[in-house]
Amino acid sequence: MSTGEELLRERGLRVTRPRLAVLEALAEGGHLEVDDVATRVRSRLDSISTQAIYDILGALSRAGLARRIEPAGSPARFESRVGDNHHHIVCRGCGEIADVDCVVGERPCLTPSESHGFEVDEAEVTFWGLCPSCQARRAAD
């Protein structure tokens, strides 16, 4: 397994303490809002601005070391699971997000009815519903 330093170098990024801290924060898991990443990073570093976190997440996303997802009506979220074209399921009640592996077949999982000349290499699917906790709350009401 590659270290954070190796991953950054392989993608042509300078190795810095803030970038390493953001990679570590993402590696802890979850679909994190920028504030969540900042909280995790600030527990590792003395101080870092929120703008620096945004900049680092942008650089990591462009380099393929982080994935940015934007469920409708929700702020951007970031995760470390990249390169496998997985999808997401979002709870309409509480906003919880879970990963869903590719729904059917090989990448890109879905074939559009019309590609308009594009060479399709990825499909982004978001499933919506109620998580088990929200289902239980609804049943109790």
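Student: Would you mind going over the layout of surface pockets with me for this structure?
Tutor: With a probe scaled to a water molecule rolled over the atoms, the places where space remains empty come into view. Volume-wise, the second largest pocket comes out at about 170 Å³. Taken together, 13 residues line the second largest pocket, and the ones lying closest to its centre are Val 82, Gly 83, Asp 84, Asn 85 and Glu 122.

Student: Explanation requested: empty space enclosed by the protein in the structure shown.
Tutor: Counted by the stated rule, this structure contains one cavity of 30 Å³ or more. The computed volume of the largest cavity comes to approximately 50 Å³. Lining the largest cavity, in full, are Ile 69, Glu 70, Pro 71, His 88, Val 90, Glu 124, Val 125 and Thr 126. Here the residues of the lining of the largest cavity sort into four nonpolar, two polar and two charged.

Student: Would you take a moment to explain the pattern of salt bridges for this structure?
Tutor: When charged atoms on two side chains of opposite charge get close, those side chains can pair. Counted under the stated rule, the structure contains nine salt bridges. For Asp 99, the salt bridge is made with Arg 81, and the minimal N-O distance between the two is 3.5 Å. Taken together, the positions of Asp 99 in strand β4 (residues 97-100) and Arg 81 in the loop between β2 (77-79) and β3 (87-91) put the pair 18 residues apart, joining distant regions of the chain. Linked through salt bridges whose partners overlap, the residues forming this network are Glu 24, Glu 28, Arg 40 and Arg 44.

Student: Just checking my understanding: could you explain helix α3 (residues 34-42) for this structure?
Tutor: Spacing of three or four residues puts side chains on the same side of an α-helix, whose turn is 3.6 residues. Those residues of α3 that fall on the buried side of the exposure criterion are Val 34, Val 37, Ala 38 and Val 41. Projected down its long axis, α3 carries its buried residues within an arc of 100°, all on one side. In α3, those exposed residues whose orientation departs by more than 90 degrees from the buried face are Asp 35 and Thr 39. Buried positions along α3 lie against α2 (17-27), α4 (50-62) and β2.

Student: What's the story with the sheet that holds β3 in this structure? I'm lost.
Tutor: In a beta sheet, neighbouring strands pair by backbone hydrogen bonds and run either parallel or antiparallel. In spatial order, the strands read β4-β3-β5; together these three strands make up an open sheet with mixed pairing. Strands with a single pairing partner mark the edges of an open sheet, and in this sheet they are β4 and β5 (126-129). Each strand of the sheet is rotated relative to its neighbour by a mean of 25°, with strand direction disregarded. As defined by bridge partners, β3 adjoins β4 across four bridges and the pair is classed as antiparallel. Across the sheet, His 88 pairs through a bridge with Asp 99, a residue of β4.

Cut-offs and rules
- Residues numbered from 1 in each chain as written.
- Predicted model: local features only at pLDDT ≥ 70, side-chain atom pairs only at ≥ 80, totals over all residues.
- Heavy atoms only, no water.
- 1 Å grid on protein atoms, 1.4 Å probe; cavity = no way out; pocket = protein on both sides within 12 Å on 5 of 7 lines; lining within 4 Å.
- Points joined across faces, edges and corners; volume = space filled by probe spheres on them.
- Nonpolar A, V, L, I, M, F, W, Y, C, P; charged D, E, K, R; others polar.
- Salt bridge = Lys/Arg side-chain N within 4 Å of Asp/Glu carboxyl O.
- Helix = DSSP H or I, 4+ residues; strand = E, 2+ residues; numbered from the N terminus.
- Buried < 20%, exposed > 50% of the residue type's maximum accessible area, 1.4 Å probe, protein only.
- Arc of directions from axis to C-beta.
- Contact = heavy atoms within 4.5 Å.
- Pairing = 2+ DSSP bridges.
- Axes fitted to C-alpha atoms, helices over the stretch in contact; angles between N-to-C directions.

In short, shape yes, function no, at least from these values alone.
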